[in-house]
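Breakdown of the fold
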Amino acid sequence: MARSVRDGSRRDTLLFALCIILAIVARALPERIRDPIAAALRQTLVAPLMNLQGSAERTRSAWLSYEGLTISRDSIALRAMQVQTLESENDRLRQLLALGARLGWGFTAAEALHGQSIGEETTVALSVGSDAGVRRYSPVVAPEGLVGMVQSVDPGMSVALLWGHPQFRPSAMSADGSAFGIIYPHASEGAERFLIELRGVQFRSAIDTGSLVVTSGLGGVFPPGIPIGTVLGEIKTTELWARTYLLRPAVPPPDVRSVMVLSQQRATAGVQRVWTIPRADSAARAIVRAGDSLVRRDAAIASAAAAKAAALDAQATAPQQVTGAGATPPAAAPAPVRRTAPTTPRTTDSAAAVPPVAPPRSLRPDSVVQTPPPPASPPVTAPPVPTPAPVIPPVIPPVIPPVVPPPPPTGASR
Amino acid sequence: MNGLGAVRAVIVFGLLIVLHYTLRPLLGWRAPIDFLVIAVLLAAVRIRPGSAALFGFALGLATDSLNASGFGASALAMSVVGFAASWMKAIFFADNLALNGFFFFLGKWGYDIVLTIVEQRLSGGDMVTQLLLWSPLAAVNTALAGIVLLILLRPVLEPSRA
């Protein structure tokens, strides 16, 4: 019994020693022998285990990447939600910069801080005060038009009344200066409380739906020509001697974030063309382009007619040259007859076919809608023709204020 | 150990080896659980020391095949751990979970010490950090996992009394 135990222990010791020796030999093997043995093990016995390990590693990588992807997706979604806000704010600031460039001087940029309590939706706190040159009754404007006026001024901030405030009553007129009135807030509920009214318009002065209403400059607070709103329709009232119109304000209340406060000097100097120059410029450019294309087309027609006439003359004179004096040089081709310009200037719009010399009926000198001066020398690039054709100057029709199709004046009657 | 017990033990060891190559990389811990050491220790208390050394050598050589630079080091360490565990089974493998946990802890730590010294991959402060910080932490994790496995697999590993 004791001998068997002793033999077993000796065998265990021998096995252990054998394992140790084999391990040491394996450790000491040169690389050229060790690598084939390891590769053989990997390709046979350990291959299933390696596959299991690879699957586990891929699963872990997928899990980790899933978490990363989830985080990235959430971040992208969050940024996407902010993009729209940033884009609108960017557009707004661009418009404000453009307005500042058109104003040139005499303004202060400010942030409008809306109050949160009831009754504060018609007033805003401005981030500038008397330290920045803001004074009481200074006009507050936005790229779209009139916002309000400064009511009280502190050194670092000020409070402005929006057009929806009951005490805010600027004098206004239609863009063509044919009708005058006073702006009042529209006393209504719901979304219509953000509309405004143009009251006191003379009964004989009708304003079309969609017409632009601007400040008239009467009263001395607001310079003439600042857009106030667009006519939605007439309101039937008990006043028989005056008309009242419902207006959609040019500046919606939620958009009143970044504004400009005009100084008194700037308001006195006027803001003509500040809100209308871009439209007039674009219209003038479009008309000049149309005039250029007409000139090019006329020149091409004249050139073709000249070539045709020259060919006919050549055919007519050819027999004479054969039978008559051959030394006589062929007569020069007569100058091509260019079509005379029509009496009525060509325009791209039938409504603008009238000559532009006559100003609108009652266009006031301080009206914001002014006809841009015709270009002194339109860029005519006609091809060379045998006889220079007279260039028809592009016709500049009177600029028609942009008409925004208004929604149906629901609830317009009080 | 009768035939049925041997089959069940082989299944359990196979399960532990599979766990070593699936659960361990899936967890990806810095101080990982070593299921191979648990398998060697569980086998060592059921077989003779020489067989335990041979079993450890085989498992270590399989592990070394994935680590060509340290080829033979794991086989040596596993052989030492298996032989020692089988030789000391009368001391440690009482019916006490805490003692068994300590047994797993010592086995894993001893394996790491032998492996680190023989492999000669680390030196200086890295070796000290590995031996005194990460190896004990891995040994603790291995011991905890071994205790859990012992609790779960006890009905399977214990010989039937019938």
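Position numbers for residues count from 1 along each chain, tracking the sequence in the order it is written. Key to labels: chains lettered from A, ligands numbered from 1, both in the order written. Residue-level local features of this predicted model are given only where pLDDT is at least 70; pairs of side-chain atoms are given and counted only at 80 or more, and the full residue set underlies all totals for whole chains, interfaces and linings. Calculation of side-chain values draws on the structure's entire complement of heavy atoms; hydrogens and water are dropped beforehand.

1. Some words on the overall build of chain A
Strands here are runs of E lasting at least two residues and helices are runs of H or I lasting at least four, both read from the DSSP assignment and numbered beginning at the N terminus. For chain A, the count of helices and strands is 5 helices and 12 strands. Two residues form a contact once any of their heavy atoms are found within 4.5 Å. Within chain A, residue pairs in contact and separated by at least 24 positions form 65% of the contacts whose partners lie at least 6 positions apart. To be clear on the numbers: accessible area is Shrake-Rupley with a 1.4 Å probe, and residue cover counts the displayed protein chains and nothing else. When the accessible area of chain A is evaluated, it comes to approximately 24000 Å², of which 62% is carbon and sulfur surface.

2. Quick notes on the sheet that holds strand 5 (residues 158-162) of chain A
All names here are of chain A. Read around the closed barrel, the 6 strands follow the order 1-2-5-4-3-12; overall the barrel is antiparallel. In this sheet, neighbouring strand axes are inclined to one another by 40 degrees on average, regardless of whether the strands run parallel or antiparallel. Examined bridge by bridge, strand 3 (residues 139-142) and strand 12 (residues 258-262) share 2 bridges and lie antiparallel to one another. Across the sheet, residue Val-141 finds its bridge partner in strand 12, namely Met-260. Against the sheet, helix 3 (residues 47-103) engages strand 1 (107-114), strand 3 and strand 12, with an angle of about 15 degrees to strand 12. Following DSSP output, two strands are said to pair if at least two bridges run between them. Axis definition: a line fitted to C-alpha atoms, limited for helices to the stretch in contact. Angles are taken between N-to-C directions and run from 0 to 180 degrees.

3. Considerations on helix 2 (residues 35-44) of chain B
Residues and elements named next belong to chain B. Only protein chains enter the accessibility calculation, which uses a 1.4 Å probe; a residue whose area is less than 20% of its type maximum is buried, one above 50% is exposed, and one in between is partly exposed. Among the 10 residues in helix 2, 10 count as buried, and that is most of the element. Every buried residue belonging to helix 2 is among Phe-35, Leu-36, Val-37, Ile-38, Ala-39, Val-40, Leu-41, Leu-42, Ala-43 and Ala-44, and all of these are buried. A distance of 3.2 Å separates the backbone nitrogen of Leu-36 from a side-chain oxygen at the start of helix 2, and that oxygen is part of Asp-34. In the analysis that follows, any N or O atom pair within 3.5 Å is treated as a polar contact, provided that within protein one partner can donate a hydrogen and the other can accept it, and provided that, for residues neighboring in sequence, both atoms belong to side chains.

4. Here's the deal with the pairing of strand 11 (residues 242-249) of chain A
Residues and elements named next belong to chain A. Along strand 11, 7 of the 8 residues are buried, which leaves the element largely enclosed by surrounding structure. Both strand 8 (residues 196-202) and strand 11 contribute to a ladder of 5 bridges, which runs antiparallel. If you follow Glu-197 over to strand 11, its bridge partner there is Leu-246. Sheet topology note: the strand 10 (residues 227-235)/strand 11 ladder contains 6 bridges and is antiparallel. Across the sheet, the residue bridging to Thr-230 is Arg-248, located in strand 11. The hairpin formed by strand 10 and strand 11 contains 6 residues between the paired strands.

5. Examining the nonpolar core
Think of a nonpolar core as a cluster: buried Ala, Val, Leu, Ile, Met, Phe, Trp, Tyr and Cys residues, connected wherever their side-chain atoms sit within 4.5 Å. Ranked by size, the top nonpolar core spans 54 residues in total, and within it B:Phe13, B:Leu16, B:Ile38, B:Leu41, B:Leu42, B:Phe104 and B:Tyr111 carry the most contacts. If you list the elements that add at least two residues to this core, you get helix 1 (2-28) and helix 2 (31-43) of chain A together with helix 1 (3-27), helix 2, helix 3 (49-64), helix 4 (73-87), helix 6 (97-119) and helix 7 (125-157) of chain B. At 10 residues, helix 2 of chain B tops the list of elements feeding residues into this core. In contact with B:Ile38, not counting residues within four places along its chain, are B:Leu16, B:Ile33, B:Phe104, B:Thr142, B:Ala145, B:Gly146 and B:Leu149. Core analysis: the next-biggest nonpolar cluster, separate from the first, contains 44 residues, A:Val141, A:Met149, A:Val213 and A:Leu262 among them.

6. Some details on the packing of aromatic side chains
Under the pairing criterion, centres of Phe, Tyr and Trp rings, with the six-membered ring standing for Trp, must be within 6.5 Å; the plane angle then separates stacked pairs below 30 degrees from edge-to-face pairs above 60, leaving the rest tilted. Within this structure, the stated rule accounts for 7 aromatic pairs over all chains. Ring centres 5.6 Å apart and planes at 85 degrees place the aromatic pair A:Phe168 and A:Phe222 in the edge-to-face group. Of this pair, A:Phe168 sits in the loop between strand 5 and strand 6 (171-174) while A:Phe222 sits in the loop between strand 9 (212-215) and strand 10, and the two are 54 residues apart along the sequence. With centroids separated by 5.6 Å and ring planes inclined at 55 degrees, the aromatic side chains of B:Phe105 and B:Trp109 adopt a geometry described as tilted. Taken as a pair, B:Phe105 and B:Trp109 lie in helix 6 at a separation of 4 residues, close to a single helical turn. Since its relative accessible area comes to 25%, B:Trp109 is described here as partly exposed. Linked through ring pairs, B:Phe102, B:Phe105 and B:Trp109 together constitute an aromatic cluster. Charge over a ring is defined by NZ of Lys or CZ of Arg lying within 6 Å of the ring centre and within 35 degrees of the ring normal. Above the ring of A:Tyr184, the side-chain terminus of A:Arg199 is found at 4.2 Å from the ring centroid.

7. Digging into the side chain of A:Thr215
Residue and element names in this part refer to chain A. Assignment of secondary structure puts Thr-215 in strand 9. Using a relative accessible area of 0% as the deciding quantity, one classes Thr-215 as buried. Once residues within four sequence positions are removed from consideration, Thr-215 is found in contact with Leu-146, Ser-171, Ala-172, Met-173, Phe-222, Pro-223, Pro-224, Gly-225, Ile-226 and Ile-228.

8. Some words on the interface of chain A and chain B
Contact with chain A, which involves 29 residues of that partner, is made by 32 residues of chain B. Here the quantity called buried area is the total loss of accessible area, with a 1.4 Å probe, experienced by two parts when brought into contact, counted for both. For the pairing of chain A and chain B, the buried interface totals around 2500 Å² over both sides, and the portion due to carbon and sulfur atoms is 73%. When the buried area of chain A at its contact with chain B is split by residue, A:Asp12, A:Phe16 and A:Arg27 rank highest and sum to 23% of it. A pairing counts as a salt bridge when a side-chain nitrogen of Lys or Arg comes within 4 Å of a carboxyl oxygen of Asp or Glu. At the surface where chain A touches chain B, the tally comes to 1 salt bridge.

9. Concerning a nonpolar patch on the surface
Side chains of A:Trp63, A:Leu64 and A:Tyr66 sit close together on the surface and give an oily, nonpolar patch of about 370 Å² of accessible area. Positionally, A:Tyr66 belongs in helix 3. Each patch is assembled from residues with relative accessible area greater than 30% and no salt bridge, linking like charges that lie within 9 Å and nonpolar side chains (Val, Leu, Ile, Met, Phe, Trp, Tyr) that lie within 5 Å.

10. Here's the deal with the pairing of strand 2 (residues 123-126) of chain A
All names here are of chain A. The alternating pattern of strand 2 places Thr-123 and Ala-125 on one face and Val-124 and Leu-126 on the opposite face, and all of these are buried. As judged from the 3 bridges shared by strand 1 and strand 2, these two strands associate in the antiparallel manner. Across the sheet, residue Ala-112 finds its bridge partner in strand 2, namely Leu-126. Pairing analysis gives 4 bridges linking strand 2 to strand 5, with the strands arranged antiparallel. Counterpart to Val-124 in the pairing with strand 5 is Ala-160.

11. A look at the environment of A:Gly270
Residue and element names in this part refer to chain A. Its location among the elements puts Gly-270 in the loop between helix 4 (264-269) and helix 5 (277-323). Among the residues examined, Gly-270 registers a relative accessible area of 11% and is labelled buried. Along the chain, Gly-270 and Gly-225 lie 45 residues apart, while their C-alpha atoms are 8.2 Å from each other.

12. What about the pattern of salt bridges?
Counted under the stated rule, the structure contains 6 salt bridges over all chains. For the salt bridge of A:Asp12 with B:Arg48, the shortest nitrogen-to-oxygen distance reads 2.8 Å. Note that A:Asp12 is positioned in helix 1 and B:Arg48 in the loop between helix 2 and helix 3, a pairing that runs across two chains. Given the relative accessible area of 4%, A:Asp12 is considered buried. You can call B:Arg48 partly exposed: its relative accessible area is 39%.

13. Observations concerning the packing of helix 2 of chain B against helix 7 of chain B
Residue and element names in this part refer to chain B. One can describe the packing of helix 2 onto helix 7 by two numbers: an axis separation of 11 Å at closest approach and a directional angle of 45 degrees. Judged on the interaxial angle alone, helix 7 and helix 2 are oblique. Our pair here, helix 2 against helix 7, has a crossing hand that is right-handed. Along its contact with helix 2, which presents Phe-35, Ile-38 and Leu-42, the element helix 7 presents Thr-142, Ala-145, Gly-146, Leu-149, Leu-150 and Leu-157. Across the contact of helix 2 with helix 7, the residue classes break down as 7 nonpolar, 2 polar and no charged. Angular relationships are summarised with four words: roughly parallel below 35 degrees, roughly antiparallel beyond 145, roughly perpendicular across 65 to 115, and oblique for the angles in between. Each helix crossing is assigned a hand: it is left-handed if the near helix lies turned anticlockwise from the far helix by less than a right angle, otherwise right-handed if that turn is clockwise. Gly falls in the polar group here, along with every residue not listed as nonpolar (Ala, Val, Leu, Ile, Met, Phe, Trp, Tyr, Cys, Pro) or charged (Asp, Glu, Lys, Arg).

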